[in-house]
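# Reading the structure
Listed below are the residues making up each chain.
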Amino acid sequence: MLQLVLPAVEQWDERKQEFVYSKEQTLQLEHSLVSLSKWESKYNKPFLSKQEKTFEETLDYIRCMTITQNVNPDTYNRITRQHINQVNDYIDAPMTATTFSETKTGKRNNEIITSELIYYWMISLNIPFECQKWHLTRLITLIRVCSIKNAPNKRKSTRDVMSQYAALNAANRQRFNSKG
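The following paragraphs examine the structure supplied in this document. By convention here, each chain's residues receive numbers from 1 onward along its written sequence. Only residues with pLDDT of 70 or above have their local features reported here, since the model is predicted, and side-chain atom pairs are shown and tallied only from 80 upward, although totals for entire chains, interfaces and linings are computed over all residues. Here the side-chain values reflect all heavy atoms present in the structure, with hydrogen atoms and water set aside.

Right, let's talk about the layout of surface pockets for a bit. Buried and open spaces are told apart on a 1 Å grid over the protein atoms alone, a cavity being a set of points where a 1.4 Å probe fits but cannot get out and a pocket being an open set with protein on both sides within 12 Å along at least five of seven lines. Residues with an atom within 4 Å of a point are the lining residues. Grid points are joined across faces, edges and corners, and a volume is the space filled by probe spheres set on the points. In this model, the second largest pocket occupies a volume close to 260 Å³. Around the second largest pocket, the lining is made up of 14 residues, and of these Q11, S22, N72, D74 and R78 lie nearest the centre. Per the convention used, a helix needs a DSSP run of H or I reaching at least four residues, while a strand needs a run of E reaching at least two, with both numbered from the N terminus. Where the lining of the second largest pocket is concerned, the elements lending two or more residues are β2 (9–13) and β3 (18–22).

Once that is clear, we can look at the pattern of salt bridges. Any Lys or Arg side-chain nitrogen located within 4 Å of an Asp or Glu carboxyl oxygen qualifies as a salt bridge. What the rule picks out here adds up to four salt bridges. Between E57 and K45 there is a salt bridge, with the nearest N and O atoms lying 2.7 Å from each other. With E57 in helix α2 (residues 55–65) and K45 in the loop between α1 (33–43) and α2, this pair connects stretches of sequence that are 12 residues apart. With relative accessibility at 8%, the residue E57 sits in the buried group. Measuring nitrogen to oxygen at the nearest pair gives 2.4 Å for the salt bridge that ties R63 to D60. Of this pair, R63 and D60 both sit in helix α2, three residues apart, which is roughly one turn of the helix. Only protein chains enter the accessibility calculation, which uses a 1.4 Å probe; a residue is then buried when its area is under 20% of its type maximum, exposed when over 50%, and partly exposed in between. For R63, a relative accessible area of 28% gives the class partly exposed. Look at the salt bridges and you will find they share partners, linking K42, E56, D60 and R63 into a network.

On to the environment of Y43, then. As for its position among the elements, Y43 is in helix α1. Contact partners of Y43, with chain neighbours within four places excluded, come to E56, E57 and D60. A contact between two residues is defined here by any heavy atoms of the two lying within 4.5 Å.

With eight of 11 residues buried, α2 lies mostly within the body of the structure. Buried within α2 are the following residues: E57, T58, L59, D60, Y61, I62, C64 and M65. On the buried face of α2, the contacting elements are β4 (25–29), α1 and α3 (81–92).

Moving on to a nonpolar patch on the surface. A contiguous nonpolar patch, built from W12, F19 and Y21 and spanning about 370 Å² of accessible area, is present on the exposed surface. Here Y21 lies in strand β3. Residues with no salt bridge and a relative accessible area higher than 30% make up the patches, which join like charges within 9 Å and nonpolar side chains (Val, Leu, Ile, Met, Phe, Trp, Tyr) within 5 Å. The Shrake-Rupley method, run with a 1.4 Å probe, gives the accessible areas here. Residue values count only the displayed protein chains as cover.

Right under this line is the structure:
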């Protein structure tokens, strides 16, 4: 979980012609499948893409990430570029000690990842829905681990199979004292 501390501010309200004071606000944020789903349902496009997000889209994602209750909507207007950098660092953090070597083919999968696809992976791998509130990177790491551990054994090449059979036959000939 990330905590953003928005300092107290004094602003001039043009409409009311008076100063408005805002208290310090601490926002608790969680980059999770739940927040991803909320954002994608609003924008109808994948969040986890290389496409640059507008400032408003980024602010909306911060709104979707917020787990603090009863936040005044005007609070989000106090978010600065420094806060957004903190959020981006939090989103990019691995949140796990698990690492992976290159993929088997060495190629990177260019599949577009959406919240529905992640939910599918969770269902197909029997990952409980409580995990949807985990940090998204940690959830995706769990999905990768489950996929690797559930993958069938790699098929051996014909040459490996033939040499294994030859060794077995040689061992059987010696064991049974046979020539055939």
